[in-house]
Amino acid sequence: VKNTKVPVVVHIHTEKGHGYKPAVEDKEAWHWNFPFDIKTGNIKNPEKFEGENYSELLGQYLSKKVKEDPKLVVVAAAVPASFGFDKKRRRAAGKQYIDVGIAEEHAVALASGMAKAGGKPVFGVCSSFLQRAYDQVSQDLCINDNPATLLVLWGSLTSMTDVTHLCHFDIPLLSGIPNLVFLAPTNREEYLAMLDWSLAYD
């Protein structure tokens, strides 16, 4: 279409993991992965972690709250596993779960509108991806005093090292926005207490 003199829309459909059967068959599990054996798809040197992690803790918490409050809506931008909202939890939440795809800007604007209408939106987003929605956080959400909860995930220094996934800029990014309360828990008890406070805040 390079040489055309009229407007043209090129729609390209991509397939995640194209050509690699395990990834094509289970796109969610293969959104990212540790080093693996190409023939089997098995993880090389799998981590042996025992106990709760914050993603699972958050998934349990939100699932419980969705059942208790019909106004609560969980919003994701293509990575619900980052806050423990697996397929089973998404199905159970039904209309109280919305995935906007890789569109963090839309997620924040949507959450603002839901909050304005009396809903209780909770948007979970990886720290580094929230920069895409800076204007929406400032202009759509905070200037309008709409009480939505943004879960800024993987904040601080984490194992993510790629330049697009450095998650330690969210506090300086957001701290200058008026009408925004930024909470940073240091342990499980604070985390759950802050979540309870956030969902009750109007």
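Residues numbered from 1 in each chain as written. Predicted model: local features only at pLDDT ≥ 70, side-chain atom pairs only at ≥ 80, totals over all residues. Heavy atoms only, no water.

K.L.:
Account for the nonpolar core, with residues named and values stated.
P.N.:
If you look at the biggest cluster of nonpolar residues, it comprises 23 residues, and the most contacted ones within it are Val-75, Val-100, Val-108, Phe-123, Leu-130 and Val-137. Looking at this core, the elements that each hand over two or more residues are strand 1 (72-76), helix 4 (104-116), strand 3 (120-126) and helix 5 (134-142). At five residues, the largest contribution of residues to this core is made by helix 4. Among residues more than four places away in sequence, those in contact with Leu-130 are Val-125, Val-137, Val-152, Leu-173 and Leu-174. Ranked by size, the runner-up nonpolar core spans 18 residues in total, among them Tyr-61, Leu-62, Phe-83 and Tyr-191. (Core = buried A, V, L, I, M, F, W, Y, C linked by side-chain atoms within 4.5 Å. Buried < 20%, exposed > 50% of the residue type's maximum accessible area, 1.4 Å probe, protein only. Helix = DSSP H or I, 4+ residues; strand = E, 2+ residues; numbered from the N terminus. Contact = heavy atoms within 4.5 Å.)

K.L.:
Can you explain a nonpolar patch on the surface? Please cite residues and give values.
P.N.:
A grouping of Val-1, Val-6, Val-8, Val-10 and Ile-12 is seen on the molecular surface, where their side chains present a nonpolar patch of about 500 Å² in accessible area. Note that Ile-12 resides in the segment before helix 1 (21-25). (Patch = residues over 30% accessible without salt bridge, like charges linked within 9 Å, V, L, I, M, F, W, Y side chains within 5 Å. Areas by Shrake-Rupley, 256 points an atom, 1.4 Å probe, with all protein chains shown as cover. Salt bridge = Lys/Arg side-chain N within 4 Å of Asp/Glu carboxyl O.)

K.L.:
Report on the packing of helix 2 (residues 54-68) against helix 7 (residues 188-200), specifying residues and quantitative values.
P.N.:
Interaxial distance between helix 2 and helix 7 falls to 12 Å at its minimum, and their mutual angle equals 30°. Our pair here, helix 2 against helix 7, has a crossing hand that is right-handed. Packed against helix 2, whose contacting residues are Tyr-54, Leu-57, Leu-58, Tyr-61 and Lys-65, the element helix 7 presents Arg-188, Tyr-191, Leu-192, Leu-195, Asp-196 and Leu-199 at the interface. The residue makeup of the contact of helix 2 with helix 7, split by class, is eight nonpolar, no polar and three charged. (Axes fitted to C-alpha atoms, helices over the stretch in contact; angles between N-to-C directions. Left-handed = near helix turned anticlockwise from the far one by under 90°. Nonpolar A, V, L, I, M, F, W, Y, C, P; charged D, E, K, R; others polar.)

K.L.:
Mind laying out the packing of aromatic side chains, listing which residues take part and the relevant values?
P.N.:
Enumeration according to the criterion identifies seven aromatic pairs in this entry. Taking 4.7 Å as the distance between ring centres and 85° as the angle between the ring planes, the aromatic pair formed by Trp-30 and Phe-36 counts as edge-to-face. A residue is classified by how much of its surface remains accessible, and Trp-30, at 15% relative accessible area, is buried. According to the relative accessible area criterion, Phe-36 is partly exposed, its value standing at 27%. A connected cluster of aromatic rings, assembled from ring pairs, spans Tyr-20, Trp-30 and Phe-36. The residue whose ring lies beneath Arg-132 is Phe-129, and the NZ or CZ to ring-centre distance is 4.7 Å. (Phe/Tyr/Trp six-rings, centres within 6.5 Å; stacked < 30°, edge-to-face > 60°. Lys NZ or Arg CZ within 6 Å of the ring centre and 35° of its normal.)

K.L.:
Account for the environment of Gly-119, with residues named and values stated.
P.N.:
Summarising the element assignment, Gly-119 is placed in the loop between helix 4 and strand 3. C-alpha separation for the pair Gly-119 and Ile-171, spaced 52 residues apart in sequence, amounts to 26 Å. In this structure Gly-119 touches Lys-71 and Met-114, once residues within four positions along its chain are discounted.

K.L.:
Residues and numbers for the environment of Asn-45, please.
P.N.:
Here Asn-45 is to be found in the loop between helix 1 and helix 2. Separated by 10 residues in the primary sequence, Asn-45 and Pro-35 have C-alpha atoms spaced 8.3 Å apart.

K.L.:
Outline helix 2, listing residues and values.
P.N.:
When the terminal C-alpha atoms of helix 2 are compared, their 21 Å separation across 15 residues agrees well with the 21 Å that a helix rising 1.5 Å per residue should span. The inward-facing, buried residues of helix 2 contact strand 1, helix 3 (87-93), strand 3, strand 4 (149-153) and helix 7. The N-capping residue of helix 2, defined by a side-chain oxygen 3.0 Å from the backbone nitrogen of Ser-55, is Asn-53. (Expected span 1.5 Å × (residues − 1). Polar contact = N/O pair within 3.5 Å; in protein donor to acceptor, adjacent residues only side chain to side chain.)

K.L.:
Describe the environment of Leu-130, and please don't skip the residues or the numbers.
P.N.:
Position of Leu-130 among the secondary structure elements: in the loop between strand 3 and helix 5. On the basis of relative accessible area, Leu-130 is assigned to the buried category, the value being 0%. The spacing of Leu-130 and Val-152 is 22 residues in sequence and 7.7 Å in space, taken between C-alpha atoms.

K.L.:
Hey, could you go over the sheet that holds strand 2 (residues 97-99) for me, with residue numbers and the actual values?
P.N.:
Taken together, four strands build an open sheet; the order of strands is 2-1-3-4 and the sheet is parallel. Single-partner strands in this sheet number two, and they are strand 2 and strand 4. If you compare each strand with its neighbour and ignore which way they point, the axes differ by 20° on average. Packing of helix 2 onto the sheet brings it into contact with strand 1, strand 3 and strand 4, and relative to strand 1 it is tilted by some 140°. (Pairing = 2+ DSSP bridges.)

Any functional reading would require information that these geometric values do not contain.
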